[in-house]
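Chain and residue survey
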Amino acid sequence: MRQAARVDEYAEFAAARAGQLYRSACLLTAGDTHLAEDLVQETLGRLYLRWGRVSRADNPAGYAQTVLTRTFLAHQRRRSSGERAVDVFPERADSAGADVPLRLTLVQALGRLPAKDRAVLVLRYWEDRSVEETAGAMNASSAAVRTRCVRALGRLRELLGEDIGEYARP
C-alpha cells in the first residue's frame with residue numbers, strides 16, 4: 001500500500017510540474033520542442049527513481065528544475081557538433097496574449113548563446129531563482145554565476161542590438 005501511495009503522489013507531482021518544466025526546457029533548448037520534450041521525460045524519469053528522497057525535500061519543484069538544468073547541460077556536453085536545431089517554430093495559439101515577435105526574437109537570440117549562458121539566464125530571469133539557487137543547479141560557485149550572468153546578458157544585448165526596441169513598442 002505504501003508503494004501505491006508513493007506512485008500516486010509522484011504522478012500528481014509530475015502532472016502538476018510537467019508544463020512548467022516543458023516551458024523551461026523550451027527556453028533552454030532555444031525553441032527545440034522535440035529536445036525539450038526529451039529533456040522533460042528524462043527529468044521526470046530521474047525524479048521517479050529518486051521520488052522517496054525528492055518528496056521529502058524542502059522544495060521538490062526546485063529539485064525538479066535543477067535536474068532539468070543538469071540534464072540539459074549534460075546533453076549539451078554530449079551533443080555532436082553536427083547537430084543543429086531547426087529554425088521553424090510550431091504554430092500554436094498564444095493564450096497569454098504575449099508579444100509573439102518579441103518572444104521569437106528572444107528565443108532565437110537565446111539559441112545563439114552557449115548552453116551554460118542560456119541556462120544561467122533561464123534560471124535567474126525566467127525561473128526567478130537566486131544566485132545561490134542557480135549556482136546549486138549549475139554545480140558552480142555563486143561568483144561564477146554572477147560573472148556568467150553579466151557576460152550572458154552582455155552577449156544577449158549584442159545579439160539583440162537596437163532592433164529589440166521595434167518589437168517592444170506597443
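In this text, all values refer to a predicted model and were calculated from it rather than measured experimentally.

The rules behind these values
- Residues numbered from 1 in each chain as written.
- Predicted model: local features only at pLDDT ≥ 70, side-chain atom pairs only at ≥ 80, totals over all residues.
- Heavy atoms only, no water.
- Patch = residues over 30% accessible without salt bridge, like charges linked within 9 Å, V, L, I, M, F, W, Y side chains within 5 Å.
- Areas by Shrake-Rupley, 256 points an atom, 1.4 Å probe, with all protein chains shown as cover.
- Salt bridge = Lys/Arg side-chain N within 4 Å of Asp/Glu carboxyl O.
- Helix = DSSP H or I, 4+ residues; strand = E, 2+ residues; numbered from the N terminus.
- Buried < 20%, exposed > 50% of the residue type's maximum accessible area, 1.4 Å probe, protein only.
- Core = buried A, V, L, I, M, F, W, Y, C linked by side-chain atoms within 4.5 Å.
- Contact = heavy atoms within 4.5 Å.
- Lys, Arg positive; Asp, Glu negative; His and termini not counted.
- Charge placed at Lys NZ, Arg CZ, Asp CG, Glu CD.
- Arc of directions from axis to C-beta.
- pLDDT = per-residue confidence, 0-100.
- Phe/Tyr/Trp six-rings, centres within 6.5 Å; stacked < 30°, edge-to-face > 60°.
- Lys NZ or Arg CZ within 6 Å of the ring centre and 35° of its normal.
- Expected span 1.5 Å × (residues − 1).

There is a patch of nonpolar side chains on the surface, built from Val 7, Tyr 48 and Leu 49 and spanning about 300 Å² of accessible area. Within the fold, Tyr 48 resides in helix 2 (residues 33-49). By relative accessible area, Tyr 48 is classed as partly exposed at 39%.

Taken as a whole, this structure holds three salt bridges when the rule is applied. In this structure, the salt-bridge partner of Arg 155 is Asp 117, at a minimum N-O distance of 2.2 Å. Residue Arg 155 is found in helix 8 (residues 142-160), and its partner Asp 117 is found in helix 6 (residues 115-126); the two are separated by 38 residues along the sequence. Since its relative accessible area comes to 0%, Asp 117 is described here as buried.

A word on the nonpolar core. Ranked by size, the top nonpolar core spans 40 residues in total, and within it Leu 44, Leu 47, Phe 72, Val 120 and Leu 121 carry the most contacts. For this core, the elements supplying multiple residues, two or more each, are helix 1 (2-28), helix 2, helix 3 (51-55), helix 4 (60-78), helix 5 (100-111), helix 6, helix 7 (131-138) and helix 8. Per-element tally for this core: the top contributor is helix 1, with eight residues. Residues within four places of Leu 121 in sequence aside, it is in contact with Leu 110, Leu 113, Trp 126, Cys 149, Ala 152, Leu 153 and Leu 156.

With respect to the secondary-structure elements, Thr 134 resides in helix 7. Beyond its immediate chain neighbours, meaning those up to four positions away, Thr 134 contacts Val 120, Leu 123, Arg 124, Arg 129 and Val 145.

Residues Arg 2, Arg 50, Arg 53 and Arg 56 make up a contiguous surface patch of positive charge. Here Arg 50 is to be found in the loop between helix 2 and helix 3. In this structure Arg 50 comes out as partly exposed when scored by relative accessible area, which is 37%.

Turning next to helix 7. Among the residues of helix 7, those classed as buried are Val 131, Thr 134, Ala 135, Ala 137 and Met 138. In a view along the axis of helix 7, the buried residues occupy a sector of 165°, so they form one face of it. One or two residues past the end of helix 7 sits Asn 139, with phi positive at roughly 60°.

Moving on to the confidence of the model for the protein. When the pLDDT values of the protein are averaged, the result is 83; 82% of them are 70 or greater. Mean pLDDT in the protein bottoms out at helix 9 (residues 164-168), which sits at 54, and peaks at helix 2, which reaches 93.

Two aromatic rings are characterised by how far apart their centres lie and by the angle between their planes. A full pass over the atoms with the stated rule returns three aromatic pairs. Relative to Tyr 48, the ring of Tyr 10 lies with its centre 5.1 Å away and its plane at 70°, an arrangement referred to as edge-to-face. Remark: Tyr 48 occurs in helix 2 and Tyr 10 occurs in helix 1; sequence separation between them is 38 residues. Relative accessible area serves as the criterion here: at 11%, Tyr 10 is assigned to the buried category. Consider the rings of Tyr 10 and Trp 51, whose centres lie 5.5 Å apart with planes at 75°: the pair is edge-to-face. A residue pair is termed long-range when its members are at least 10 positions apart, and Tyr 10 in helix 1 and Trp 51 in helix 3 qualify at 41 residues. Through successive ring pairs, a cluster of aromatic residues spans Tyr 10, Phe 13, Tyr 48 and Trp 51. Positioned above the aromatic ring of Tyr 125, the side-chain terminus of Arg 124 is 5.6 Å from the ring centre.

Glancing now at helix 8. Residues that lie three or four places apart on an α-helix share one face, since the helix turns once every 3.6 residues. Compared with an ideal rise of 1.5 Å per residue, which puts 19 residues at 27 Å, helix 8 spans 27 Å between its outermost C-alpha atoms and is within 8% of the ideal. If you check which residues of helix 8 are buried, you get Val 145, Cys 149, Ala 152, Leu 156 and Leu 160. The buried residues of helix 8 occupy an angular sector of 80° when projected down its axis, which confines them to one face. Looking at helix 8, the residues exposed on the side facing more than 90 degrees away from the buried face are Val 150, Arg 151, Arg 157 and Glu 158. Remark: Gly 161 follows helix 8 within two positions and exhibits a positive phi of approximately 55°.

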